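Next come the chains, spelled out residue by residue.
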Amino acid sequence: MALVGCAECGKEVSERASQCPSCGAPVKRPASGAGGLLKWGAVVLVGVIGLYWLIEANDPTREQRLMDREAYQLCQKMAVSTGNPGACEGMRKDYWAKYNREP
Ligand SMILES: [Zn+2]
């Protein structure tokens, strides 16, 4: 059974005691402090990972947007080669309506 110094009165107190018998101050346990830090580290880590997944999941338009842009660019290539550059104007307008930006 180890003894620790009381933070308030300086007397030696059993580290198993929850408070100092002479002054009633709570006893600090060094081991539980380190354990608490580890626990907080784990909580923060889980939080960061969870946030990352949440952000990824919250952007469902990203993949669709890239596909739409690819389709538009393909359409434009074909339109230019067939001498009808305005053929994809409708797709471009749809893209603007959906994503509010230039494809
Ligand atoms: Zn004390």
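The name given to the protein chain in an unreviewed UniProt entry is Zinc-ribbon domain-containing protein, with the source organism recorded as Pseudomonas abyssi.

Caption draft 1: Structural view of the UniProt feature "domain: Zinc-ribbon" (unreviewed entry) in the protein chain. This chain's UniProt record puts "domain: Zinc-ribbon" (unreviewed entry) on residues 6–27. Between the C-alpha atoms that bound residues 6–27 the distance is 6 Å, and the span itself is 0% helix and 14% strand.

Caption draft 2: How the structure looks around helix H2 (residues 61–81). Taking 1.5 Å of rise per residue, the 21 residues of H2 would be expected to cover 30 Å, and the 30 Å separating its terminal C-alpha atoms lies within 8% of that figure. Among the 21 residues that make up H2, zero are buried, leaving the element largely open to the surroundings.

Caption draft 3: Summary view of unusual backbone geometry. Despite not being glycine, Asn 100 has its phi angle at roughly 55 degrees, a positive value. Mapped onto the elements, Asn 100 comes out in the segment after helix H3 (89–99). Asn 100 sits in the exposed class, given 7 other C-beta atoms within 10 Å.

Caption draft 4: Spatial organisation of the environment of Tyr 72. If you trace the backbone, Tyr 72 turns up in helix H2. Accessibility expressed as a C-beta count within 10 Å gives 17 for Tyr 72, which makes it partly exposed. Distance from Tyr 72 to Cys 88, taken between C-alpha atoms, is 6.9 Å for residues 16 residues apart in sequence. In contact with Tyr 72, not counting residues within four places along its chain, are Cys 88, Met 91, Arg 92, Tyr 95 and Pro 103.

Caption draft 5: Layout of the confidence of the model for the protein chain. Averaged over all residues, the pLDDT of the protein chain is 86; the fraction at 70 or higher stands at 88%. The least confident element of the protein chain is helix H1 (residues 30–57), whose mean pLDDT is 80; the most confident is H3, at 92.

Rules and cut-offs
- Residues numbered from 1 in each chain as written.
- Predicted model: local features only at pLDDT ≥ 70, side-chain atom pairs only at ≥ 80, totals over all residues.
- UniProt positions renumbered as here; feature names shortened; annotations may be inferred.
- Helix = DSSP H or I, 4+ residues; strand = E, 2+ residues; numbered from the N terminus.
- Expected span 1.5 Å × (residues − 1).
- Buried ≥ 20, exposed ≤ 12 C-beta atoms within 10 Å, placed from the backbone.
- Contact = placed C-beta atoms within 7 Å.
- pLDDT = per-residue confidence, 0-100.

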